[in-house]
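# Examination of the molecular architecture
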Amino acid sequence: MGKKVVIVGGVAGGASAAARLRRLSEEFEIVLFERGADVSFANCGLPYYVGGVIDARKKLLVQTPVSLFKRFNINVRTLSEVTRINPQKKEVEVKNLKTSEVYSESYDFLVLSPGARPIIPEIPGINLPNVFSVRNLADTDSLKQFIETGKPSKALIIGGGFIGLEIAENMKEKGVEVTIVELTNQIMAPLDFEMASIVHDHLRKNGINLLLKQSVTALEGDTRVRKARLSSGEEIDVDMVVLGIGVTPESGLAKEAGLAIGSTGGILVDEYLRTSDPNIYAVGDAIQVKHFVTGQDVLIPLASPANKQGRLAADNIAGRPAKYKGTQGTSIVGTMGLVAATTGVNEKTARKLKMNYGVCHTHPDDHARYYPGFSEMSLKLIFARDDGRVLGAQIVGKQGVDKRIDVLATAIRAGMTVYDLQELELAYAPPFSSAKDPVNMAGYVAANILKGDYAPCYWDNWDEVLSENPLLLDVRMDKEAEKFGTIPGSVLIPLNDLREKLAEIPKDKPIMIFCQVGLRGYIAERMLKQHGFTKVRNLCGGYKTYKPLAKLLKPAKASETA
């Protein structure tokens, strides 16, 4: 008999490690402990099962103990909690949750995949029975049963993370009035504020009550929550509460065993996914990883990295050395018909780390505008100013977001630059894209910034722009300004009339140009500069980027032409 491998936790990382080990060798003895009733399930599908989009519970089961034994000869023990690790004896202590029996199991190698647990805020009423988390199938069963039998009309979701948004959408589809309370000034922390603002507007337009910069201070009721008290003093009636604050790594077992814990609270592993004990590996949401772009120590609890880590840990145990190169945080969520996706580093992090970076915003169509059914998306690209390397991207839109974020995630992983984005040959036909794909366009805009052909100004340095008392020049058509609105104090000269009206524009005054999405503003900028205007800047992303943020920005003085 070969080496004995004990795996703690199934789902993504643990089950992947077990299956990979068996594919590599029939000699391993593999024992997998899972404290829940289900060993391998699609936890990312849980919100959609709540909403009925996934109509059968069994569709969420990726593998069962029986299927894992028959196909892979893996000894799976569900409802079995590993309560202690003894690294010196190379044993784990296990409690059978069905019988309360406690016993020891030896190992040659141990793989820890305990995952992460939902963050439970310490507020009065949090333990009442109509307060739910969504971590596993058992949690989801309880939530779904409550919805079907209790017929709630008002739901409160605490936290605006991915799970919270997905639950909000599925609850709203069931006719439930949904309120999201988020402590910070935005939902979806991986997005930068201006990109999250697009999602804020969309949620509110679709009937979600979104309360930002507030917290829940108490959940009130006798046998169940009936009211929620907020930090603002407001009280709201609720029939149920779902926690979507986020998760924290299940690192307690490792810590008690004397294994090193990282600065983030996750289990510390090396590039081979080994813990501080060379016979113990750790994978998934419980571990601290290196960010692929920044090299910083981070926690990024996502299913895709966990699966890959499980596979790599198995390779290393089997004597096939393989390094984990880091996590870049590629993620996507759909809510109320809108899709938001992100990969790599966001601007908040780039600014905090004082990286030498640049930013551009574009608003391309998902496919050719002349083909029916097109829709605009908003794309933010973050890139290195020294060599143009792609550092991060965020996209919000209704269609085509997934394939563009995947191209950009691949570009980051491959170390590509914005100049490489220009050259990518991507699939084109009118129903699917444009001859210049949105990824190409982002590359063109970023490259123009790096070459000095485009001098952008941004919403978050608006006060600095206005301090120069610039001429605000709107180069859209009259009907666009009437339909969408304009920046107060601006002067409207449509792009097609601009060349004939150059004499009306002062050359000694700073000029800030804007159009709807930035393209015509860039054309106007190039025109003015080649006619001797030297103090010209173009609002990055145009009026479409500015409008959701207008209430937060300082009003400009009225501009005058010469």
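Below, the structure is looked at part by part.

Conventions and cut-offs
Residues numbered from 1 in each chain as written. Predicted model: local features only at pLDDT ≥ 70, side-chain atom pairs only at ≥ 80, totals over all residues. Heavy atoms only, no water. Helix = DSSP H or I, 4+ residues; strand = E, 2+ residues; numbered from the N terminus. Rg over C-alpha atoms; globule rule 2.2 N^0.38 Å. Areas by Shrake-Rupley, 256 points an atom, 1.4 Å probe, with all protein chains shown as cover. Lys, Arg positive; Asp, Glu negative; His and termini not counted. Charge placed at Lys NZ, Arg CZ, Asp CG, Glu CD. Patch = residues over 30% accessible without salt bridge, like charges linked within 9 Å, V, L, I, M, F, W, Y side chains within 5 Å. Salt bridge = Lys/Arg side-chain N within 4 Å of Asp/Glu carboxyl O. Phe/Tyr/Trp six-rings, centres within 6.5 Å; stacked < 30°, edge-to-face > 60°. Lys NZ or Arg CZ within 6 Å of the ring centre and 35° of its normal. Expected span 1.5 Å × (residues − 1). Buried < 20%, exposed > 50% of the residue type's maximum accessible area, 1.4 Å probe, protein only. Contact = heavy atoms within 4.5 Å. Core = buried A, V, L, I, M, F, W, Y, C linked by side-chain atoms within 4.5 Å. Polar contact = N/O pair within 3.5 Å; in protein donor to acceptor, adjacent residues only side chain to side chain. Pairing = 2+ DSSP bridges. Axes fitted to C-alpha atoms, helices over the stretch in contact; angles between N-to-C directions. Left-handed = near helix turned anticlockwise from the far one by under 90°. Nonpolar A, V, L, I, M, F, W, Y, C, P; charged D, E, K, R; others polar.

### Examining the overall build of the chain
- When helices and strands are tallied, the chain shows 17 helices and 33 strands.
- Computed over its C-alpha atoms, the radius of gyration of the chain comes to 27 Å, within 12% of the 24 Å expected for a compact globule of 562 residues.
- Along the first, second and third principal axes, the C-alpha set of the chain runs to 90 × 55 × 45 Å.
- Within the structure as shown, the chain displays about 25000 Å² of accessible surface, and the carbon and sulfur contribution to it stands at 50%.
- Charge separation in the chain, taken as the distance between the mean sites of 70 positive and 65 negative side-chain charges, equals 1 Å.

### Looking at a nonpolar patch on the surface
- Together, Y370, Y371 and Y428 line one region of the surface with nonpolar side chains, adding up to about 360 Å² of accessible area.
- By secondary structure assignment, the location of Y370 is in the loop between strand 26 (357–362) and strand 27 (377–384).

### Brief notes about the packing of aromatic side chains
- All told, the structure shown has 8 aromatic pairs when counted by the stated rule.
- One aromatic cluster is present, built from ring pairs that chain together W462, F514, Y543 and Y546.
- The ring of F292 has R413 lying over it, and the distance from NZ or CZ to the ring centre is 4.0 Å.
- The positively charged end of K507 is found above the aromatic ring belonging to F533, 5.3 Å away from the centroid.

### Structural notes on helix 8 (residues 303–317)
- Given a rise of 1.5 Å per residue, 15 residues ought to cover 21 Å, and the 21 Å separating the end C-alpha atoms of helix 8 matches this to within 8%.
- Residues P305, A306, Q309, G310, L312, A313, A314, D315, N316 and I317 constitute the buried set of helix 8.
- Taken together, the buried residues of helix 8 touch strand 1 (4–8), helix 1 (13–24), strand 9 (109–112), strand 21 (280–282) and strand 22 (287–290).
- Two residues or fewer past helix 8, G319 is found with a positive phi of approximately 85°.

### Focus: the nonpolar core
- In this structure, I7, I85, V92, L110, L112 and L273 are the most contacted members of the largest nonpolar core, which totals 50 residues.
- In this structure I7 touches G14, A17, A18, L21, I30, V31, L32, F33 and V111, once residues within four positions along its chain are discounted.
- With 36 residues, the next largest nonpolar core counts V50, L60, L165 and V178 among its residues.

### Let's talk about unusual backbone geometry
- A positive phi angle, close to 55°, is found at K90, a residue other than glycine.
- Examined against the element boundaries, K90 turns out to sit in the loop between strand 6 (80–86) and strand 7 (91–96).
- A residue is classified by how much of its surface remains accessible, and K90, at 24% relative accessible area, is partly exposed.
- In this structure, K151 is a non-glycine residue whose phi angle is positive, near 50°.

### Structural notes on the side chain of T342
- Of note, T342 is situated in strand 25 (residues 338–344).
- For T342, a relative accessible area of 4% translates into the label buried.
- Polar contacts involving the side chain of T342 include one to the main-chain carbonyl oxygen of A393, which spans 3.5 Å.
- What T342 contacts, discounting residues up to four positions off in sequence, is P190, L191, G329, T330, S331, A393, Q394 and I405.

### Description of the sheet that holds strand 22
- Sheet architecture is open: 3 strands sit in the order 20-22-23, paired in mixed fashion. The sheet is open, and its two borders are formed by strand 20 (267–268) and strand 23 (297–298), each paired with just one other strand.
- Sheet topology note: the strand 20/strand 22 ladder contains 2 bridges and is parallel. Across the sheet, residue I267 finds its bridge partner in strand 22, namely I287.

### Quick look at the side chain of Q186
- Relative to the assigned elements, Q186 resides in the loop between strand 13 (177–182) and helix 6 (193–205).
- Among the polar contacts listed, one links the side chain of Q186 to the backbone oxygen of M188, at a separation of 3.0 Å.
- When neighbours within four sequence positions are excluded, Q186 is seen to be in contact with L191, D192, F193, A196, H200, L212 and K348.

### Notes on the sheet that holds strand 2 (residues 29–34)
- Read across the sheet, 5 strands follow the order 5-2-1-9-21 without closing on themselves; strand pairing throughout is parallel. Strands at the two margins of the open sheet, each flanked by one partner only, are strand 5 (75–78) and strand 21. Going from strand to strand, the sheet's axes swing by 15° on average, the running direction of each strand aside.
- Bridge count between strand 2 and strand 5: 4 bridges; the pairing is parallel. For E34, the partnering residue across the bridge sits in strand 5 and is T78.

### With respect to the pattern of salt bridges
- Tallied over the entire structure, the rule returns 28 salt bridges.
- Where R274 meets D270, a salt bridge forms, and the shortest distance between an N and an O atom there is 2.9 Å.
- For R274, a relative accessible area of 30% corresponds to the partly exposed category.
- For D270, a relative accessible area of 29% puts it in the partly exposed group.
- E525 is the salt-bridge partner of K529, the closest N and O atoms lying 2.7 Å from each other. Of this pair, K529 and E525 both sit in helix 16 (residues 519–529), 4 residues apart, roughly one helical turn.
- Using a relative accessible area of 24% as the deciding quantity, one classes K529 as partly exposed.
- Classification of E525 as buried rests on a relative accessible area of 0%.

### Here we look at the packing of helix 1 against helix 8
- Put simply, helix 1 and helix 8 touch, their axes get as near as 7 Å, and they point 40° apart. The handedness of the crossing between helix 1 and helix 8 is right-handed. Only A306, N307, G310, R311, A314, D315 and I317 of helix 8 make contact with helix 1, whose side of the interface consists of G13, S16, A17, R20, L21, R23 and L24.
- A per-class count over the contact of helix 1 with helix 8 returns 6 nonpolar, 4 polar and 4 charged.

### A word on the environment of A427
- Structurally, the position occupied by A427 is in the loop between helix 11 (418–423) and helix 12 (438–451).
- Here A427 falls in the exposed class, since its relative accessible area comes to 63%.
- Along the primary structure A427 and L191 are separated by 236 residues, whereas in three dimensions their C-alpha atoms are 27 Å apart.

### Observations concerning the environment of I487
- Locating I487 in the fold gives a position in the loop between helix 14 (478–484) and strand 31 (491–492).
- For I487, a relative accessible area of 1% translates into the label buried.
- Remark: the alpha-carbon pair of I487 and G373, spanning 114 residues in sequence, is separated by 29 Å.
- Not counting residues within four places of it along the chain, the set of residues in contact with I487 comprises W462, L472, M512, F514, L539, Y543 and Y546.

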